[in-house]
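# Chains, contacts and geometry: an overview
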Amino acid sequence: MQIIPVIDIRNGAVMRARAGDRDSYSPIASALAATSAPADVVAGFLTLHPFERIYIADLDAIQGSGDNRREIGALTERFPALRVMVDAGAKSCDWRGAARVDCVIGSESLRDSQSLHAATHDPNVVLSLDFRDDVFLGPDALHECPKLWPSQVIVMTLTRVGVSAGPDFARISQIVARAGDRRVFAAGGVRDADDLERLEAIGAAGALVATALHDGALTSADLDRFTSAHKKGSPLRLP
């Protein structure tokens, strides 16, 4: 199980995401970083745990109002040990082929399922199945046909982001059951290590987290204990 920190960037600053209402996002204030600059926030994450991957949502690119390509490129240079997952909306595939970058294609950005066809077999492409409450955001065929999914899939429930509502365990479990040997990552709502344990139990390959890290609900000890248990191949048992 892989724990992946998330940053949402707008106009060069990291935003605090809440319930997928992007217009209301404001610059992050976090005990982990002195400023909302992406490099400061990522460095703050790494003081907690030696994460292997980070997820970056380029909000300007997703909303069609520019991009943060320069800032994302600077992060890949400053943190060469990190693999970066980039969601840049319709521009996501511009990152295909970049070193240590996985291209995240959000279903909400796709007009039809054929838009994903050429990338389905690319191991560096990640499909995000995006939901707002119970509504799937994207072409119905993409939700209904797992054969269209690449080897890595995110289940993103936008309305659970940053509001301590807990992951949508039922939906994630259903998609894990349909995904075959694909790796399924949970996104939206992770509150603490208990949530991570439940996600692992239902077969999630990992989880995207942000608020629980910034607010201290997931500590270094939690992350280290979880990673240690995973590496030993034994189930995590928290005190």
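These numbers were taken from a predicted model, which means no experiment stands behind them.

Quick look at the packing of aromatic side chains now. Tallied over the entire structure, the rule returns one aromatic pair. Across the ring face of W95, the terminal group of R69 is positioned such that the distance to the ring centre comes to 4.1 Å. Here R198 stacks its cationic end above the ring of F169, 3.7 Å away from the centre of that ring.

Our focus in this paragraph is the pairing of strand β6 (residues 101–106). Of all six residues that make up β6, six are buried, and the element is covered over most of its length. Taking every second residue as pointing to the same face, both faces of β6 are buried, with V101, C103 and I105 on one and D102, V104 and G106 on the other. As paired strands, strand β5 (residues 83–87) and β6 are joined by four bridges and run parallel to one another. Across the sheet, residue M85 finds its bridge partner in β6, namely D102. Inspection of the sheet shows β6 paired to strand β7 (residues 125–132) by four bridges, in the parallel sense. Note that in β7 the partner of C103 across the bridge is V125.

The subject of this paragraph is the side chain of D102. Mapped onto the elements, D102 comes out in strand β6. Looking at D102, the relative accessible area reads 2%, which means it is buried. Of the polar contacts made by the side chain of D102, one reaches the side chain of R53; its length is 2.6 Å. Setting aside chain neighbours within four positions, we find D102 in contact with R53, R83, V84, M85, V86, N124, V126 and Q152.

The next point concerns the pattern of salt bridges. For side chains of opposite charge, pairing can occur when their charged atoms come near one another. Inspection of every chain in the model, using the stated rule, returns 10 salt bridges. One salt bridge connects D67 with K91, and the closest N-O pair in it is separated by 3.6 Å. Here K91 lies in the loop between β5 and β6 and D67 lies in the loop between α2 (59–62) and α3 (69–78), a separation of 24 residues in the sequence. Between D134 and R171 there is a salt bridge, with the nearest N and O atoms lying 3.2 Å from each other. Of this pair, D134 sits in the loop between β7 and β8 (135–137) while R171 is found in helix α5 (residues 169–178), placing the two residues 37 residues apart along the sequence. The exposed category is assigned to D134, whose relative accessible area is 70%.

Moving on, we get to α5. Three or more residues of α5 are buried, namely F169, R171, I172, I175 and V176. An end-on view of α5 places all buried positions within 165° of arc, on one side of the element. Opposite the packed face of α5, turned more than 90 degrees from it, sit the exposed residues Q174 and A177. Where α5 is buried, its residues touch β7, β9 (152–157), β10 (183–187) and α6 (193–201). Downstream of α5 by a residue or two, G180 has a phi angle that is positive, lying close to 65°.

The next thing to look at is unusual backbone geometry. In this model, A19 sits at a positive phi of 60°, which is unusual for a non-glycine residue. Here A19 lies in the loop between β2 (13–16) and β3 (26–27). Judged by relative accessible area, A19 falls into the partly exposed class, the value being 25%. The phi dihedral of R100 falls on the positive side, at around 60°, and the residue is not glycine. Following the sequence through the fold, R100 ends up in the loop between β5 and β6. What makes R100 partly exposed here is its relative accessible area of 29%.

Turning our attention to the confidence of the model for the chain. Scored by pLDDT, the chain has a mean of 91; 95% of the residues are at 70 or more. Overall, residues 234–239 carries pLDDT values under 50, and its contacts beyond four positions in sequence, including any with other chains, amount to 13 contacts.

So, how was this worked out
- Position numbers for residues count from 1 along each chain, tracking the sequence in the order it is written.
- Only residues with pLDDT of 70 or above have their local features reported here, since the model is predicted, and side-chain atom pairs are shown and tallied only from 80 upward, although totals for entire chains, interfaces and linings are computed over all residues.
- Values shown for side chains rest on all heavy atoms present in the structure; no hydrogens or waters enter the calculation.
- Pairing of aromatic rings covers Phe, Tyr and the six-membered ring of Trp, with a centre-to-centre limit of 6.5 Å; geometry is then stacked below 30 degrees between planes, edge-to-face above 60, and tilted otherwise.
- The criterion is that NZ of a Lys, or CZ of an Arg, lies within 6 Å of the ring centre and within 35 degrees of the ring normal, and then a charge sits over that ring.
- Relative accessible area decides the class of each residue, using a 1.4 Å probe on protein chains only: under 20% of the type maximum gives buried, over 50% gives exposed, and in between gives partly exposed.
- We count a stretch as a helix when DSSP gives it H or I for four or more residues in a row; a strand needs E for two or more, and each element gets its number in order from the N terminus.
- Following DSSP output, two strands are said to pair if at least two bridges run between them.
- Two N or O atoms form a polar contact when they lie within 3.5 Å of each other; inside protein one atom must be a possible hydrogen donor and the other a possible acceptor, and for residues adjacent in sequence the pair counts only when both atoms belong to side chains.
- Contact criterion: two residues are considered in contact whenever any of their non-hydrogen atoms come within 4.5 Å of each other.
- Any carboxyl oxygen of Asp or Glu that lies within 4 Å of a side-chain nitrogen of Lys or Arg is treated as forming a salt bridge with it.
- The arc in question is the one spanned by the directions pointing from the helix axis to the C-beta atoms.
- By definition, pLDDT measures how confident the predictor is in each residue, and it falls between 0 and 100.

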